[in-house]
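If you want the building blocks of each chain, they are given just below.
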Amino acid sequence: MRISVAADECVGVARDLVDELGRRGFEGVLTHGALSEVERDDWAWASEAAARDVAEGRADQAIVCCWTGTGASIAANKVAGIRAALCGDAATAAGARKWNDANVLALSLRSTSAAELTEILDAWFAGEPSADAADRANIAHLAKIERGR
């Protein structure tokens, strides 16, 4: 699985996140914003870049971070085909993958501890989208909303 990661600052769990993905065997993690030597590090630009990696097929999923995680999730969700979820705990991450088929995880650099990061990533990567017809109908409806229908 290919993962794209963005952060607007190298504080909190930003560097821990990249290290943890490496420990989990993700190779060639795409980095954006403050995690890149050459890119603009503002949250809107960095999160958009990671989300576009997913939307355009360069990554299977992305993880976007800013101080609260809110701006990063908003920016990512502006990219067509992205379903970003701000997750502060493992239960929310599991639900986002299951019921929302989320393809971008948003995290708060301020409030996510190293222990919570591990738990959230465990739940996120173990999660699978629900096959339930009602859940799939909701995801299909999101695509219609995105197209303005």
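Preceding this section is the structure that the text describes.
Residues numbered from 1 in each chain as written. Predicted model: local features only at pLDDT ≥ 70, side-chain atom pairs only at ≥ 80, totals over all residues. Heavy atoms only, no water.

Before going further, it helps to examine the packing of aromatic side chains. By the definition in use, this model includes one aromatic pair. Measuring from centroid to centroid gives 4.9 Å for F26 and F125, while their planes differ by 40 degrees, and the two rings are tilted. Of the two residues, F26 is situated in the loop between α1 (14-23) and β2 (30-33) and F125 in helix α5 (residues 114-126); the sequence distance between them amounts to 99 residues. Positioned above the aromatic ring of W45, the side-chain terminus of R40 is 3.5 Å from the ring centre. The cationic tip of R97 hangs over the ring face of W124; the distance from NZ or CZ to the ring centre is 5.5 Å. (Phe/Tyr/Trp six-rings, centres within 6.5 Å; stacked < 30°, edge-to-face > 60°. Helix = DSSP H or I, 4+ residues; strand = E, 2+ residues; numbered from the N terminus. Lys NZ or Arg CZ within 6 Å of the ring centre and 35° of its normal.)

Inspection of the secondary structure assignment puts A62 in strand β3 (residues 61-66). C-alpha of A62 to C-alpha of R147: the two residues are 85 residues apart in sequence and 22 Å apart in space. Setting aside residues up to four positions removed in sequence, A62 forms contacts with S4, A50, V54, N103, V104 and L105. (Contact = heavy atoms within 4.5 Å.)

Before going further, it helps to examine the packing of α1 against α5. Their axes nearest at 11 Å, the elements α1 and α5 cross at an angle of 45 degrees. In terms of axis orientation, α1 runs oblique to α5. Here the hand of the crossing between α1 and α5 comes out right-handed. Between α1 and α5, the contacting residues are D16, L17, E20 and L21 on the first element and A114, L117, L121 and F125 on the second. Partitioning the contact of α1 with α5 into residue classes produces six nonpolar, no polar and two charged. (Axes fitted to C-alpha atoms, helices over the stretch in contact; angles between N-to-C directions. Parallel < 35°, antiparallel > 145°, perpendicular 65-115°, else oblique. Left-handed = near helix turned anticlockwise from the far one by under 90°. Nonpolar A, V, L, I, M, F, W, Y, C, P; charged D, E, K, R; others polar.)

As a further point, take the layout of surface pockets. Estimated volume of the largest pocket: approximately 260 Å³. Around the largest pocket sit 13 residues that line it, and N77, I82, R83, L142 and E146 are the ones nearest its centre. Secondary-structure elements contributing two or more residues to the lining of the largest pocket are β4 (84-86) and α6 (133-146). By residue number, the principal contributor to the lining of the largest pocket is α6, which donates five residues. When grouped by side-chain class, the residues that make up the lining of the largest pocket number eight nonpolar, three polar and two charged. (1 Å grid on protein atoms, 1.4 Å probe; cavity = no way out; pocket = protein on both sides within 12 Å on 5 of 7 lines; lining within 4 Å. Points joined across faces, edges and corners; volume = space filled by probe spheres on them.)

Here we take up the pairing of strand β1 (residues 3-7). Most of β1 sits inside the fold, with five of its five residues counted as buried. Side-chain alternation along β1 places I3, V5 and A7 on one buried face and S4 and A6 on a second face that is also buried. Sheet topology places β1 next to β3; five bridges connect them, and they run parallel. Counterpart to V5 in the pairing with β3 is I63. Inspection of the sheet shows β1 paired to β2 by four bridges, in the parallel sense. Along β2, the bridge assignment pairs A7 with G33. Each parallel crossover has a hand, and for β1 linked through α1 to β2 it is right-handed. (Buried < 20%, exposed > 50% of the residue type's maximum accessible area, 1.4 Å probe, protein only. Pairing = 2+ DSSP bridges. Right-handed = clockwise from strand over helix to strand, strands pointing away.)

The values are spatial; any link to function lies outside them.
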